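For reference, the chains in residue letters:
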Amino acid sequence: MKKNIGILCILLFVFLATALGSSSFISAYNLFNLVERSALYGIIGIGVAFVIITGGIDLSIGSLIGLVAITFPFLVITKEMPLAVGLLAIFAISLAAGVSHGLLITKLKLQPFVVTLCGLMIYRGLARWMVADKTMGYGEPQFENLKLLVGKVSQLPGCEGLPGAKQIPVAFLIFVVLGILAAIFLNKTIYGRYLLALGRNEQAARFSGINTTAMIIVAYVICSLISGLGGLMFALDYGSIQPDSFGNFYELYAIAAAVLGGCSLRGGEGSIFGIALGAALMRLLMNSISMLGIDDQLEPTVIGMVILIGVIADEVVKRIAAKRRAVLQARQATAEANSS
Amino acid sequence: MTEPNEKPLLEVAGVTKRFPGVTALRHVNLTLGRGEVLALIGENGAGKSTLMKILAGVQEPDEGSISVDGAEVRLDSVLTAQKHGIALIHQELNLSDNLDVGANIFLGREPLKRGFIDKAKIREDSVDLLKRVGLDVSPDTIVEHLPIGQQQLVEIARALSINARVLIMDEPTSSLSQHETERLFEVVKDLRSRGVSVIYISHRLGEVKELADRVTVFRDGENAGDLKRESISHNRMVQLMVGRDISQFYARKPHEPGAVALEVKGLETPANLGHKLSFSVRASEIVGVSGLVGAGRTEMLHVLFGVDAAVSGTIEIAGKPVQLSSPFDAIQAGIALAPEDRKQQGIVLEMAVRQNIGLPGLKKHQKRFGFLNNLQEGDDTEEMIRRLRIKTPSERQIVQYLSGGNQQKVVLGKWLAMKPKVLLLDEPTRGIDIGAKQEIYLLMEELAEQGVAILFVSSEMEEILGMSDRTLVMHEGRISGELKRDELSEEAIMQLATGNVAEISVT
């Protein structure tokens, strides 16, 4: 919590500045969209956090999102298979991707960067080849029920009358539930502790009797499964999917959200609340740029700068804290020496 | 030797060095004459390495002065130290083993010819330098193809190439064979005769006796005494190092060994194929494992702890054969290991004391659905902090900020909480101050009394002599001998450790 104060301040600042600069920013419609997209990025941010905590990385998320987003309508519409088969396929593809990443990284000791970079290319190519680069849509009636996933809470059965249900996206709800589950897993179970320990020091964790291989595979599987879910939700939300570009760079946004939220790419650190803030900040920035009439082309530049500033501020604060601690310890030592 | 009215070559006066939480050196003095071999001895943590780093320009002292040829100098970088003719040869050699011998000797000071490295000159000068250290290899040999003893000679050649007048050697023989050690001694004696001075740091008192013109002893960061050539004796050195009667320091009580707790039969480790190890450790018994660095001791412990798989052979715990394919299996079988590389393998530095102590027991104490058992973890931590007297502001303190001794206590604490039957310790007191060291010895004693079987690897002769009921000596991957308590002596161990099995019956 304490760690995330900096990013919380930036978030509030950007929010207020945009609200002052643009009247349409605080419209219900815009805010709904903002919260929904933030939640979607937050969901895949949670996924990649598991991998980052082990000290790894997953670059294949965007391509995996593209692959499941294409495969689903391809099976259900083009091949006229039942919806359940399509959903099962999403699950199977994500599971297979996660397991193979984990096995290659632990058993063959390949670098996560390399393994998932290959995944990035492989999944993208498969998605494009499967439909010969044709755009796929989610307009068909078969998907109507699933679209609840990206609708308003008030559209859920039995939730019409709940207060505020019209303003809250279902995606946000899913994100919150997923976030709570992930936070419990990381902080309250022995497996979460295993991940944090092995992310800091895999050898010491192994020497403490932890099956680090299994835990690392679990982390990649969780990441891929959440990406699969995220892919489905993104696809339902966007409605029209270009096989060559859908999901591009999403992994980088997810990684950025995790890093902004306090994950160290060295591993062993991460808070789910921070990731939520990171994802929200990124979506907010994208939204603010268009609301404030800043040139669209500058969007990546602005986001890049904000992340950089956030990381620099974090590092500076850490150094000051370390210095203070050293001074304190030296003082204690002298005091002890004098008293003895 | 220093002429009576001549200034010493090197003089250290009143040097103090503090680190956060510890004063490593307190007003220490040291003098070195021309062509003198000075042995600097002391227990781990006595401050030898710190002083050497100061002399080599790696660290600067907080107080005190250093003079070369009677003129005070400030050694603010390795380069400055080298300009004054001081070169340090680290215990872990500092060579780029992918480069050839010549390139290593001139690394960072390559002679140039029209902007390119002048290989011909490197070769020419290297041949000359190699001759001076008695090393008969081509300067084009890639360093990793040389045995460790020859690599060390390359380091010495490099030191000579900068015209070093003071050569500091930190534990130079810790990984050398008997033959290589003798060769090194010849080189050192030859250098002395040419007027090069040597500061020789070693734990091997036998070597010190053979080589040194004078001995300076450090204890707890202070001068403990000096011995002239004629008064150098094993007992005097130990007394000065330990500062008290040795029999008190190692508080050994004889204990009655119980049933066999660990039985190893024909164990072949992946690191030393073809050598079969067989031995046993009984309950309440402390068995030391001595040998040179690289003798296969750590590798053996790793197999016993399931880190590496055994190639062949059997391991029995309390009479039952066990299959150890991971540390988890070993822990289940009642085995614990405090590893040599404490910071990499023993603890998670960035985690709190409490989380480190709880780590091995998480699974054992877990609640339903894998939830953490915070109560148990808290109780275990509290007990260990109290029992081991871990000096920490709180159980939430990040282990990184504890002293080496307290970090080691955290390692021991996490294993004691698991109540092991067999405790494996790899260099249990390395880098630990003398107070914590004694506490660890007392703890080993206490555990043995409670029936734990202890197998400990140590490169510190005094520790082996002081602590073990029985000693296994390893040489090049095999157990070259076993010494009972009444057969134990530094000479007997060194004979076995360097592979002179035949002579042991004589001594």
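Note: the structure precedes this text.
Residues numbered from 1 in each chain as written. Chains lettered and ligands numbered in written order. Predicted model: local features only at pLDDT ≥ 70, side-chain atom pairs only at ≥ 80, totals over all residues. Heavy atoms only, no water.

So what about the packing of helix H10 (residues 250-260) of chain A against helix H11 (residues 272-291) of chain A? Which residues, and what values?
Residues and elements named next belong to chain A. The contact between H10 and H11 brings their axes to 7 Å, and the two run at 125°. Classified by the angle between their axes, H10 and H11 sit oblique to one another. The handedness of the crossing between H10 and H11 comes out as right-handed. For the pair H10 and H11, contact is made by Tyr253, Ala256, Ala257, Ala258 and Leu260 and by Gly274, Ile275, Gly278, Ala279, Leu281, Met282 and Met286, respectively. Residues that form the contact of H10 with H11 fall into these classes: 10 nonpolar, 2 polar and no charged. (Axes fitted to C-alpha atoms, helices over the stretch in contact; angles between N-to-C directions. Helix = DSSP H or I, 4+ residues; strand = E, 2+ residues; numbered from the N terminus. Parallel < 35°, antiparallel > 145°, perpendicular 65-115°, else oblique. Left-handed = near helix turned anticlockwise from the far one by under 90°. Contact = heavy atoms within 4.5 Å. Nonpolar A, V, L, I, M, F, W, Y, C, P; charged D, E, K, R; others polar.)

Got a sec to walk through the sheet that holds strand S5 (residues 71-73) of chain B? Specific residues and values, please.
Residue and element names in this part refer to chain B. Pairing in this open sheet of 4 strands is antiparallel, and the strands run S2-S1-S4-S5 from one edge to the other. Looking along the sheet, the strands with just one partner apiece sit at the ends: strand S2 (22-32) and S5. Ignoring strand direction, the axes of neighbouring strands in this sheet form an average angle of 30°. Relative to strand S4 (residues 63-68), strand S1 (residues 10-19) is paired through 5 bridges, and the arrangement is antiparallel. Counterpart to Val12 in the pairing with S4 is Ile66. In the packing of helix H1 (residues 48-55) onto the sheet, contacts are made with S1, S2 and S4, and the angle to S1 comes to roughly 115°. (Pairing = 2+ DSSP bridges.)

Describe the pattern of salt bridges, naming the residues involved and giving the relevant values.
Residues and elements named next belong to chain B. By the definition in use, this model includes 33 salt bridges over all chains. Salt-bridge contacts for Arg123 lead to Asp140; the nearest nitrogen and oxygen are separated by 3.1 Å. With Arg123 in helix H4 (residues 119-132) and Asp140 in the loop between H4 and helix H5 (148-161), this pair connects stretches of sequence that are 17 residues apart. A relative accessible area of 40% means that Asp140 is categorised as partly exposed. (Salt bridge = Lys/Arg side-chain N within 4 Å of Asp/Glu carboxyl O. Buried < 20%, exposed > 50% of the residue type's maximum accessible area, 1.4 Å probe, protein only.)

Tell me what's going on with the pairing of strand S15 (residues 286-291) of chain B, and back it up with residues and numbers.
Residue and element names in this part refer to chain B. Counting buried residues in S15 gives 6 out of 6 residues, a clear majority hidden from the surface. In this structure, S15 lies alongside strand S20 (residues 453-457), joined through 4 bridges in parallel fashion. The residue bridging Val289 from the neighbouring strand is Val457, located in S20. Judged from the 5 bridges that link them, S15 and strand S21 (residues 470-475) form a sheet pairing that is parallel. Among the inter-strand pairings, Val289 is bridged to a residue of S21, identified as Leu472.

Explain the environment of Ser284 of chain B residue by residue, including any values.
Residues and elements named next belong to chain B. Among the secondary structure elements, Ser284 is positioned in the loop between strand S14 (277-282) and S15. Here Ser284 falls in the buried class, since its relative accessible area comes to 10%. In contact with Ser284, other than residues within four places in its own chain, are His255, Glu256, Pro257, Gly258, Ala448, Glu449, Gly451, Val452, Ala453 and Asp469. At a separation of 2.8 Å, a polar atom in the side chain of Ser284 contacts the main-chain carbonyl oxygen of Ala448. (Polar contact = N/O pair within 3.5 Å; in protein donor to acceptor, adjacent residues only side chain to side chain.)

Tell me about the interface of chain B and chain A, and please be specific about residues and values.
Taken together, the contact between chain B and chain A spans 33 residues of the former and 23 residues of the latter. Summed over both partners, the interface of chain B with chain A buries about 2500 Å², with 60% contributed by carbon and sulfur atoms. Counting every contact that joins chain B to chain A gives 1 salt bridge. Across the pair Arg193 of chain A and Glu377 of chain B runs a salt bridge whose closest N-O atoms are separated by 3.0 Å. For the side of chain B that touches chain A, the elements supplying multiple residues, two or more each, are helix H11 (327-332), helix H12 (342-346), helix H14 (362-365) and helix H16 (404-416) of chain B. In terms of residues, the side of chain B that touches chain A owes the most to one element, H12 of chain B, which gives 4 residues. (Buried area = accessible area lost by both parts, 1.4 Å probe.)

Lay out the packing of aromatic side chains with the relevant residues and their values.
Here the distance between the centres and the angle between the planes together describe a pair of aromatic rings. Residue and element names in this part refer to chain A. Tallied over the full model, the rule gives 15 aromatic pairs over all chains. Judged by centre distance (5.1 Å) and plane angle (70°), the rings of Phe15 and Phe25 are edge-to-face. Residue Phe15 is located in helix H1 (residues 5-21), and its partner Phe25 is located in the loop between H1 and helix H2 (28-53); the two are separated by 10 residues in the primary sequence. In this structure Phe25 comes out as buried when scored by relative accessible area, which is 0%. Ring geometry for Tyr41 and Phe234: centres 5.4 Å apart, planes at 80°, overall edge-to-face. Highlighted residues: Tyr41 in helix H2 and Phe234 in helix H9 (residues 212-238), separated in sequence by 193 residues. Each member of the aromatic cluster is reached from another via a ring pair, and the members are Tyr41, Phe234, Tyr238, Phe246, Tyr250 and Tyr253. The cationic tip of Arg37 hangs over the ring face of Tyr238; the distance from NZ or CZ to the ring centre is 4.1 Å. (Phe/Tyr/Trp six-rings, centres within 6.5 Å; stacked < 30°, edge-to-face > 60°. Lys NZ or Arg CZ within 6 Å of the ring centre and 35° of its normal.)

Describe the packing of helix H3 (residues 61-78) of chain A against H9 of chain A, with residues and values.
All names here are of chain A. Here H3 crosses H9 at 55°, and the two axes come no closer than 8 Å. As the angle between them shows, H3 and H9 are arranged oblique. Considering how the two elements wind past one another, H3 and H9 form a crossing that is right-handed. For the pair H3 and H9, contact is made by Ile61, Leu64, Ile65, Val68, Ala69 and Phe72 and by Cys223, Ser224, Ser227, Gly228, Gly231, Leu232, Phe234 and Ala235, respectively. Residue composition of the contact of H3 with H9, by class: 10 nonpolar, 4 polar and no charged.

Got a sec to walk through unusual backbone geometry? Specific residues and values, please.
Located in the positive-phi region is Glu80 of chain A, a residue other than glycine, with phi close to 55°. Its location among the elements puts Glu80 of chain A in the loop between H3 and helix H4 (83-106). A positive phi angle, near 50°, is found at Arg389 of chain B, a position not held by glycine. Judged by its relative accessible area of 52%, Arg389 of chain B is exposed.

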